[in-house]
Amino acid sequence: MLAAWHKQSSGCQLLDGSSFNLDFHSVPYYGRDPIVEKHYVSARSRSQASILAFLAQDEKSQTFCYSNADLRKGEEADEIFRFIAFWEKTHGQKPRHLVFDSKLTTHANLARLDRMHIDFITLRRRSPQLLRQVYDLPRSAWRTVELDVPTRQYQTPRVYEQRIKPTILLTNQTATASKLITRYAHRMLIENSLSDAVRFFHLDALSSTVGLKIDFDMALLVIASGLYRLLARRMRGYAQAHARKIFQDLLDLPADVEITDKEVRVQFHRRAHLPIVLASGLCDRSVPIPWWSNRRLRLTTDTGR
């Protein structure tokens, strides 16, 4: 199903494919079922019965492009290679660049990625020996880098200074430090998208304890994510908006629906965000819907346009 979705959306150039964010998400389960294993649920900072799902996100479009919820304990570390195999089979080449958290896979698998000539960025796990090496470095060994990031909303925050453990990046790339730090920071995009998926697509609302059924729900999430991103591209100012915002402003609009033998006509009422929909060029186009008995869909407004 996911492969068919990739094939169908290839003409829209939805997925850039140059870099991917990878992450796991645990969907909490509150009943009792011996089949459901315990996994760490980050929202509750504890291990509890849950369904573990793996998700890959295209970094440029911020679209989910792969999912798998049919995972059992002990299989997590190798899921990254199942994604690689899926992408290669679907697109004819391996992913070029992957970014993920340090716990997503093992060091042995990092070496395997390197042998496959796939670039990656992750965090290096901080052992006591590694921390001693960092703290023993002289001040002269450190340097300041400037990050090329967009203007932030809060430019003069108040801070409280305190000694913390250092963050250490692990990569097989030969890029500059500023580029590596900036790209790893973009990994948070998948965290933001997961949060949006929980609140809007109800990702954490389990439909079953059967992994295969939940895996199907995840596949629908991937497709829905892609459809919302395609719509966002058409709406001026909404290219980076989350699905929930797109739905509230541009889809949850009152309308009159008229069904005839030849078409289904949806006539929107006047609302504040309607000019954005009009400017997108989606209105007054006759779109064939294969499962509507040869009827076509036409979006229109009561403005006469």
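Keep in mind it's a predicted model, so treat the numbers as computed, not measured. Residue positions within a chain follow its written sequence, with the count starting from 1. Side-chain atom pairs in this predicted model are given and counted only at pLDDT of 80 or more, local residue features only at pLDDT of at least 70, and totals for whole chains, interfaces and linings cover all residues. Excluded from the side-chain calculation are hydrogens and water; included are all heavy atoms of the structure.

K.L.:
Explain the environment of Ala279 here, please?
P.N.:
Secondary structure elements follow DSSP: runs of H or I no shorter than four residues count as helices, runs of E no shorter than two count as strands, and numbering proceeds from the N terminus. When you line up the elements, Ala279 lands in helix α9 (residues 274-279). Along the chain, Ala279 and Phe268 lie 11 residues apart, while their C-alpha atoms are 14 Å from each other.

K.L.:
Quick question: what am I supposed to make of the pairing of strand β4 (residues 63-68) here?
P.N.:
In summary, the side chains of a regular strand alternate between the two faces of the sheet. For every residue, the accessible area obtained with a 1.4 Å probe (protein chains only) is divided by the maximum for its type, and the residue is called buried under 20%, exposed over 50%, and partly exposed between those limits. Most of β4 sits out of view: six of its six residues are buried. As paired strands, strand β3 (residues 46-58) and β4 are joined by five bridges and run antiparallel to one another. By the bridge assignment for β4, Gln57 is matched with Phe64. Pairing between strands requires that DSSP locate at least two bridges from one strand to the other. Between β3 and β4, which pair antiparallel one after the other, the connecting turn spans four residues, and Gln62 there sits at a positive phi close to 60 degrees.

K.L.:
What should I look at first to understand the sheet that holds strand β10 (residues 286-288) in this one?
P.N.:
Hydrogen bonding along the main chain pairs the strands of a sheet, whether they run parallel or antiparallel. What the four strands build is an open sheet, ordered β8-β9-β11-β10; its pairing is mixed. Every other strand in the sheet has two partners, leaving β8 (255-259) and β10 as the edge strands with one partner each. Each strand axis lies, on average, 20 degrees off the axis of its neighbour in the sheet, ignoring direction. By the bridge criterion, five bridges tie β8 to strand β9 (residues 263-268) in an arrangement that is antiparallel. Considered in β9, the bridge of Ala255 is made with Phe268. For helices, the fitted line uses only the C-alpha atoms of the stretch in contact; every axis is such a line through C-alpha atoms, and the angle between N-to-C directions lies from 0 to 180 degrees.

K.L.:
Can you help me understand the packing of helix α7 (residues 211-234) against helix α8 (residues 243-251) in this one?
P.N.:
Between two packed helices, what matters for the description is the angle formed by their axes and the separation of those axes. Close contact between α7 and α8 brings their axes to 10 Å; oriented N to C, the two are set at 55 degrees. With respect to α8, the axis of α7 lies oblique. Note that α7 runs across α8; the crossing there is left-handed. Facing α7, whose interface residues are Tyr228, Arg229, Leu231 and Ala232, α8 presents Ala243, Ile246, Phe247 and Leu251. Here roughly perpendicular refers to angles of 65 to 115 degrees, roughly parallel to angles under 35, roughly antiparallel to angles over 145, and oblique to all remaining angles. Left-handed describes a crossing whose near helix is turned anticlockwise from the far helix by less than a right angle; the clockwise case is right-handed. Whether two residues touch is decided by their heavy atoms; if any such pair falls within 4.5 Å, the residues are in contact.

K.L.:
Mind showing me how you'd approach the environment of Ile118 here?
P.N.:
With respect to the helices, strands and loops of the structure, Ile118 is situated in the loop between α3 (107-115) and β6 (119-123). Residue classification places Ile118 among the buried residues on the basis of a relative accessible area of 0%. Distance from Ile118 to Leu98, taken between C-alpha atoms, is 7.5 Å for residues 20 residues apart in sequence. Beyond its immediate chain neighbours, meaning those up to four positions away, Ile118 contacts Ile84, Lys94, Pro95, Arg96, Leu98, Leu113 and Asn172.

K.L.:
How should helix α1 (residues 2-9) be read in this particular structure?
P.N.:
For an α-helix, 3.6 residues make a turn, and residues three or four places apart therefore share a direction. Buried within α1 we find Leu2, Trp5, His6 and Ser9. Buried residues of α1 fall within an arc of 100 degrees about the axis and therefore sit on the same side. Those residues of α1 that are exposed and aimed more than 90 degrees away from the buried face are Ala4, Lys7 and Gln8. Comment: arc refers to directions from the helix axis out to C-beta atoms.

K.L.:
Can you help me understand the packing of aromatic side chains in this one?
P.N.:
In this analysis, rings of Phe, Tyr and Trp, with Trp reduced to its six-membered ring, are considered paired at centre separations within 6.5 Å, and the interplanar angle assigns stacked below 30 degrees, edge-to-face beyond 60, and tilted for intermediate values. Under the counting rule described, the total for this entry stands at 12 aromatic pairs. Judged by centre distance (5.0 Å) and plane angle (75 degrees), the ring pair of Phe200 and Phe201 falls under edge-to-face. Plain terms: the ring middles of Phe200 and Phe247 are 5.6 Å apart, the flat faces sit at 50 degrees to each other, and that makes the pair tilted. Of the two residues, Phe200 sits in the loop between α6 (188-199) and α7 while Phe247 sits in helix α8, which places them 47 residues apart along the sequence. Of the residues examined, Phe200 reaches a relative accessible area of 16% and is grouped as buried. What makes Phe247 partly exposed here is its relative accessible area of 30%. An aromatic cluster is built from Phe20, Phe24, Phe54, Tyr66, Phe83, Phe86 and Trp87, whose rings are joined through pairwise contacts.

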